[in-house]
Amino acid sequence: MNAPSDRDLILRARRGETDAYGELVTRYQTNIFNVCYRILHDRPEAEDMAQEAFMRAYDRLNSFDLERDFAPWMRRVAANVCLNHISSQKPTSELEEERDADQSQRPDEQVEVKERGEQIRAALASLPPHYRVVVELRHYQEMSYEEIAAELNIPLSDVKSHLFRARKLLAEKLK
Amino acid sequence: MNHLTDEALNEYLDNELPNRAEAELHLSQCADCAARLTALQTLFDEIESLPELALSKHLAAPFTRRDAGFALPTWLKLTATLQAALALVILVIAAPFVTNMLPAIQAPSMSDMFLQLQSQWMAWLDRLSSFHFPSLPSIAMPDISSIMLMLILAGVSFLWLIGNGLLLRNQR
């Protein structure tokens, strides 16, 4: 028997069949967790925010346009949840200072990071949160500059500058 | 010849550069800009090739559990059925005693009521200890002492409490 489509599961979930939504969650949970992890770089926080994103999406399921794909919409919800989470926390400068201090305390660990994937993750983690979000939306969610600007409610020029600076920093760290 | 700026190269790879054809013409003629573009493309590829991490917990649990509702295990279903059956038996046994007791409870004061209840309880226990089923001579009923009867009642109550506790815990 073929697996039910996302659309079928959403329709069933809208009728109150929560197990149908549970199946959708199972289908996309790893992907959504990774969206959160790339933005937050903290596993427990990323898992909590991924759960929160699914809860929020469930509450908004009636407003979801069935003509669109569920996965990109869900990823966008997750990115927004993470962004709100970051905004509700400490200012960016403090986060950066903490991260820099942490790096200076454990130089051996940094040297030991050999895997390229780990290096990329470490480089992404070192970016300020608002840079990480635009990298996530552009590279992993393939959104246009205009879509990112609308999503984050920031000017188009800020999207461009955040993205270019983020890539410059990444290139320097990954040399 | 003006080289392409870093911003222009970024916009080119993001498909956001307005004068794309012009940039492509320049890239075909400028090895320096072409090399910078290749380096930037490599960075893009590296970012996008990041493997996904595995989750350490199942995020669908709240939704499946909410829906699962009363999908009780078999042993729990049996416990609940047994509990209901025992309750019915006790109700049938107790019914005549309760009907006898009810008219007697008319005392308005608490102390009188307590004394009356106590005497009724003792009388009830006496009756229970000497209880036989005269109308069912074919069924051999064992003599049950009042202590044994109390133990049975306590056991049934305990089972009742355990069963309810398990049901409530499963509902949570």
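Residues numbered from 1 in each chain as written. Chains lettered and ligands numbered in written order. Predicted model: local features only at pLDDT ≥ 70, side-chain atom pairs only at ≥ 80, totals over all residues. Heavy atoms only, no water.

Peer 1: Would you take a moment to explain the overall build of chain B for this structure?
Peer 2: Helix and strand counts for chain B stand at 7 helices and 0 strands. When the elements of chain B are put in sequence order from the N terminus, they spell out α-α-α-α-α-α-α. For chain B, the proportion of its 172 residues judged to be buried stands at 23%. Just so you have it, chain B exposes about 11900 Å², and 66% of that area is on carbon and sulfur atoms. (Helix = DSSP H or I, 4+ residues; strand = E, 2+ residues; numbered from the N terminus. Buried < 20%, exposed > 50% of the residue type's maximum accessible area, 1.4 Å probe, protein only. Areas by Shrake-Rupley, 256 points an atom, 1.4 Å probe, with all protein chains shown as cover.)

Peer 1: I tried to follow the packing of aromatic side chains on my own but got confused; where do I start?
Peer 2: Geometry of an aromatic ring pair is reported as the spacing of the ring centres plus the angle between the planes. This model, assessed by the stated rule, comprises 9 aromatic pairs over all chains. Centre to centre, the rings of A:Phe64 and A:Phe70 are 5.9 Å apart; their planes meet at 80°, and the pair counts as edge-to-face. By the burial criterion, A:Phe64 is buried, and A:Phe70 matches it. Where B:Trp121 meets B:Trp124, the ring centres are 5.1 Å apart and the plane angle is 35°; that geometry is what we call tilted. (Phe/Tyr/Trp six-rings, centres within 6.5 Å; stacked < 30°, edge-to-face > 60°.)

Peer 1: What exactly am I supposed to notice about the interface of chain A and chain B here?
Peer 2: Taken together, the contact pairs 39 residues of chain A with 27 residues of chain B. Summed over both partners, the interface of chain A with chain B comes to about 3200 Å²; 59% of that surface belongs to carbon and sulfur atoms. Our count for the contact surface shared by chain A and chain B stands at 5 salt bridges. Here chain A and chain B share 17 residue pairs in polar contact (both at pLDDT 80 or more) between them. Looking at the side of chain A that touches chain B, the elements that each hand over two or more residues are helix H2 (18-40), helix H3 (43-59), helix H7 (116-125), helix H8 (129-140) and helix H10 (156-173) of chain A. (Contact = heavy atoms within 4.5 Å. Buried area = accessible area lost by both parts, 1.4 Å probe. Salt bridge = Lys/Arg side-chain N within 4 Å of Asp/Glu carboxyl O. Polar contact = N/O pair within 3.5 Å; in protein donor to acceptor, adjacent residues only side chain to side chain.)

Peer 1: Please clarify how empty space enclosed by the protein should be interpreted in this entry.
Peer 2: Unfilled space is identified by rolling a water-sized probe across the atoms. All names here are of chain B. Tallied over the entire structure, the rule returns 1 cavity of 30 Å³ or more. Surrounding the largest cavity, Phe-97, Asn-100, Met-101, Gln-120, Ala-123, Trp-124 and Arg-127 form its lining. Counting residues per element, the ones that place at least two in the lining of the largest cavity are helix H5 (74-104) and helix H6 (110-129). It is H6 that contributes the most residues to the lining of the largest cavity, 4 residues altogether. (1 Å grid on protein atoms, 1.4 Å probe; cavity = no way out; pocket = protein on both sides within 12 Å on 5 of 7 lines; lining within 4 Å. Points joined across faces, edges and corners; volume = space filled by probe spheres on them.)

Peer 1: I'm lost on the state of the cysteines in this one. Help?
Peer 2: By definition, a disulfide links the sulfur atoms of two cysteines through a covalent bond. In this structure the tally under the stated criterion is 0 disulfides over all chains. Sulfur of A:Cys82: no disulfide; nearest cysteine sulfur belongs to A:Cys36 and is 3.5 Å away. By relative accessible area, which is 0% here, A:Cys82 ends up buried. Free of any disulfide, B:Cys30 has its nearest neighbouring cysteine sulfur in B:Cys33, separated by 3.6 Å. Classification of B:Cys30 by relative accessible area gives buried; the value is 4%. (Disulfide = S-S within 2.5 Å.)

Peer 1: Which parts of the structure should I look at to understand the side chain of A:Ser126?
Peer 2: Residue and element names in this part refer to chain A. Following the sequence through the fold, Ser-126 ends up in the loop between H7 and H8. Overall, Ser-126 belongs to the buried group, its relative accessible area being 14%. From its side chain, Ser-126 meets the backbone oxygen of Ala-123 in a polar contact 2.6 Å long.

Peer 1: Would you mind showing me how to read the pattern of salt bridges here?
Peer 2: Under the criterion given, the structure shown has 16 salt bridges over all chains. Note that B:Lys57 is salt-bridged to A:Asp48, the shortest N-O span being 3.5 Å. Here B:Lys57, found in the loop between helix H3 (31-48) and helix H4 (61-68), pairs with A:Asp48, found in helix H3, and the two come from separate chains. By relative accessible area, A:Asp48 is classed as partly exposed at 40%. Linking B:Asp6 and B:Arg36 is a salt bridge whose minimum nitrogen-to-oxygen distance equals 2.9 Å. Separated by 30 residues along the polypeptide, B:Asp6 in helix H1 (residues 6-13) and B:Arg36 in helix H3 bring together distant segments of the chain. According to the relative accessible area criterion, B:Arg36 is partly exposed, its value standing at 25%. Several salt bridges converge on common partners, so that one network encompasses A:Asp6, A:Glu23 and A:Arg27.

Peer 1: Mind showing me how you'd approach the packing of H10(A) against H3(B) here?
Peer 2: Helix-helix packing: each pair is described by the crossing angle between the helix axes and the interaxial distance. The contact between H10(A) and H3(B) brings their axes to 11 Å, and the two run at 90°. Taken together, the axes of H10(A) and H3(B) lie roughly perpendicular to each other. Only B:Leu43, B:Phe44 and B:Ile47 of H3(B) make contact with H10(A), whose side of the interface consists of A:Arg167, A:Leu170 and A:Ala171. For the contact of H10(A) with H3(B), the class distribution of residues is 5 nonpolar, no polar and 1 charged. (Axes fitted to C-alpha atoms, helices over the stretch in contact; angles between N-to-C directions. Parallel < 35°, antiparallel > 145°, perpendicular 65-115°, else oblique. Nonpolar A, V, L, I, M, F, W, Y, C, P; charged D, E, K, R; others polar.)

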